[in-house]
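Descriptive analysis of the structure
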Amino acid sequence: MTKVIKPIVFILALLPVVLLSRNFYLDELGANPFEVFTRSTGEWTLRFLLLTLAMTPLRQLTGSAWPLRLRRMLGLFTFFYVCVHLLTYIWLDHFFDWDEIWTDIVKRPYITIGMLAFTLLLPLAFTSTKKMMKRLGKRWKSLHKLIYLIAVLGVLHFLLLVKADLREPIIYAFILFTLFLVRFKPALLHKFSFKPL
Ligand code: HEM
């Protein structure tokens, strides 16, 4: 099952960046293509982050092992999208003006929080290999619990940058809250499970 699902998910996960780059190249991103690029990669980062977190409850619901096998790949896609997001911010939004970027990090809370989330993702990405998992033993699990804090920071980043319409970040906050609920109160999943837990 995983052998079939994994390559399909891999291709689907690449689609947003491929389509976005194509539309950017063809000048089909509207009046402000840089902003569309930054915003879209930001949203995909958050989506992959939440999808990664959804894999453990999905495993409990279905009783199959495939969600856990996809978790690492989805986590790495989160990192990939945040790198593209950060790069577009540095390159397309600020043209590598490091003074301006530093002022932004210090003065704008949503950038400070985004940067913090990115920094916390770095050790997770670099210890995502099986070798590092073995080497770190129990510490690996503790370290990777940071993903929950990163998700909170990601949602907060979105909430702070939105000026008027809070609906979208609130939907993400609600999804995250639900994921927390089923993660820390797994008994809730009993009602919906497809298998006897
Ligand atoms: C885990 C880390 C991060 C997540 C989950 C994330 C997520 C998001 C989301 C969901 C959006 C809004 C998209 C929309 O408006 O539809 C966004 C926008 C944005 N993010 Fe991030 N982001 C992260 C890290 C960063 C970092 C490190 C930076 C730069 C230092 C950054 C800079 C921005 C900027 C400039 C915008 C657009 C703001 C605007 O157009 O008003 N983000 N991000």
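Everything that follows concerns the structure shown earlier in this document.
Just so we're clear, the structure is a prediction, and the values are computed from it rather than from any experiment.

**Considerations on the overall build of the chain**
- Along its length, the chain carries nine helices and zero strands.
- From first element to last, N terminus to C terminus, the chain shows the α and β order α-α-α-α-α-α-α-α-α.
- With the C-alpha coordinates of the chain rotated into their principal frame, the extents come out at 55 × 40 × 35 Å.
- Counting the 197 residues in the chain, one finds 40% classified as buried.
- Pairs at least 24 residues apart make up 64% of the contacts formed inside the chain by residues separated by at least 6 positions.
- Accessible area of the chain: about 12500 Å², with a carbon and sulfur share of 70%.
- Put simply, the chain has 25 plus and 11 minus side-chain charges, and the middle of one group is 27 Å from the middle of the other.

**Section: the site of the ligand**
- Near the ligand you find 23 residues, and of these Arg39, Gly42, Glu43, His85 and His157 are the closest.
- With respect to the ligand, the side chain of Arg39 contributes an N or O atom lying 2.6 Å from an oxygen atom.
- Contacts to the ligand include Glu43, whose side-chain N or O atom sits 2.5 Å from an oxygen atom.
- Of all the elements in the fold, those that place two or more residues in the shell around the ligand are helix H2 (33-62), helix H3 (66-93), helix H5 (109-126) and helix H8 (146-161).
- Each residue belonging to the shell around the ligand can be placed in one class, and the counts come to 12 nonpolar, seven polar and four charged.

**Some words on H8**
- Taking 1.5 Å of rise per residue, 16 residues should cover 22 Å, and H8 covers 23 Å from first to last C-alpha, within 8% of that figure.
- Listed in full, the buried residues belonging to H8 are Ile147, Tyr148, Ile150, Ala151, Leu153, Gly154, Val155, His157, Phe158 and Leu161.
- Residues of H8 that are buried in the fold lie against H2, H3, H5, helix H7 (138-144) and helix H9 (167-184).

**A word on the packing of H2 against H3**
- Between H2 and H3, the shortest axis-to-axis distance is 8 Å and the interhelical angle comes to 165°. Judged by the inter-axis angle, H2 sits roughly antiparallel to H3. You can see that H2 and H3 cross each other, and the crossing is left-handed.
- Within the contact of H2 with H3, the residues separate by chemical class into 18 nonpolar, 11 polar and three charged.

**A look at the coordination of the iron atom of the ligand**
- Protein coordination of the iron atom of the ligand is provided by His85 (NE2) and His157 (NE2), with donor distances spanning 2.0 to 2.1 Å.
- Around the iron atom of the ligand sit six donor atoms, and with donor-metal-donor angles ranging over 86 to 180° the site reads as octahedral. Highlighted residues: His85 in helix H3 and His157 in helix H8, separated in sequence by 72 residues.

**Comments concerning a positive patch on the surface**
- On the surface, a cluster of positive charge is contributed by Lys6, Arg69, Arg72 and Lys130.
- Among the structural elements, Arg72 can be located in helix H3.
- Taking relative accessible area as the criterion, Arg72 reaches 40% and is therefore assigned partly exposed.

**Quick notes on the environment of Thr38**
- By the secondary structure assignment, Thr38 is in helix H2.
- Along the backbone, Thr38 and Val84 are 46 residues apart, and their C-alpha atoms lie at a distance of 8.4 Å.
- Setting aside its immediate chain neighbours within four residues, Thr38 contacts His85, Thr88 and Asp93.

The rules behind these values
Along each chain, numbering runs from 1 in the same order as the chain's sequence is written. Confidence filtering applies because this is a predicted model: local features only for residues at pLDDT of at least 70, side-chain atom pairs given and counted only at 80 or more, and all residues used for totals across whole chains, interfaces and linings. By convention in this description, side-chain values take in all heavy atoms of the structure and omit both hydrogens and water. Runs of E in the DSSP output that reach at least two residues are strands. Runs of H or I that reach at least four are helices, and both are numbered from the N terminus. Each residue is assigned to one of three classes by its accessible area relative to the maximum for its type, calculated with a 1.4 Å probe on protein chains only: buried under 20%, partly exposed between the two thresholds, exposed over 50%. In what follows, residue pairs with any heavy atoms lying within 4.5 Å of each other are defined as contacts. All accessibility values rest on the Shrake-Rupley procedure with a 1.4 Å probe; residue burial counts only the protein chains present in the view. None of His or the chain ends enter the tally, which takes Lys and Arg as positive and Asp and Glu as negative. Charged side chains are reduced to one point each, which is NZ for Lys, CZ for Arg, CG for Asp and CD for Glu. Being near a molecule or strand, for a residue, means having at least one of its heavy atoms within 4 Å of it. In the analysis that follows, any N or O atom pair within 3.5 Å is treated as a polar contact, provided that within protein one partner can donate a hydrogen and the other can accept it, and provided that, for residues neighboring in sequence, both atoms belong to side chains. Charged means Asp, Glu, Lys or Arg here, nonpolar means Ala, Val, Leu, Ile, Met, Phe, Trp, Tyr, Cys or Pro, and polar covers whatever is left, Gly included. The span expected for a helix works out to 1.5 Å for each residue beyond the first. An axis is simply a line fitted to the C-alpha atoms; with a helix, the fit covers only the stretch in contact. Between two such axes, the angle follows the N-to-C directions and lies from 0 to 180 degrees. Throughout this description, any angle smaller than 35 degrees is read as roughly parallel, any larger than 145 degrees as roughly antiparallel, any in the 65 to 115 degree range as roughly perpendicular, and the remainder as oblique. Left-handed describes a crossing whose near helix is turned anticlockwise from the far helix through less than a right angle; right-handed describes the clockwise counterpart. Metal donors were taken as nitrogen, oxygen and sulfur atoms no farther than 2.8 Å from the ion, or 3.2 Å where the ion is Na, K or Ca. Water is excluded, so coordination may look unfinished. Working rule for geometry: tetrahedral if four donors all subtend angles between 85 and 135 degrees; square planar for four, octahedral for six, if opposite donors exceed 155 degrees and the others stay between 65 and 115; irregular in every other situation. Two distance rules govern patches: like charges are joined within 9 Å, and nonpolar side chains (Val, Leu, Ile, Met, Phe, Trp, Tyr) within 5 Å, applied only to residues with over 30% relative accessible area and no salt bridge. Any Lys or Arg side-chain nitrogen found within 4 Å of a carboxyl oxygen on Asp or Glu counts as a salt bridge.

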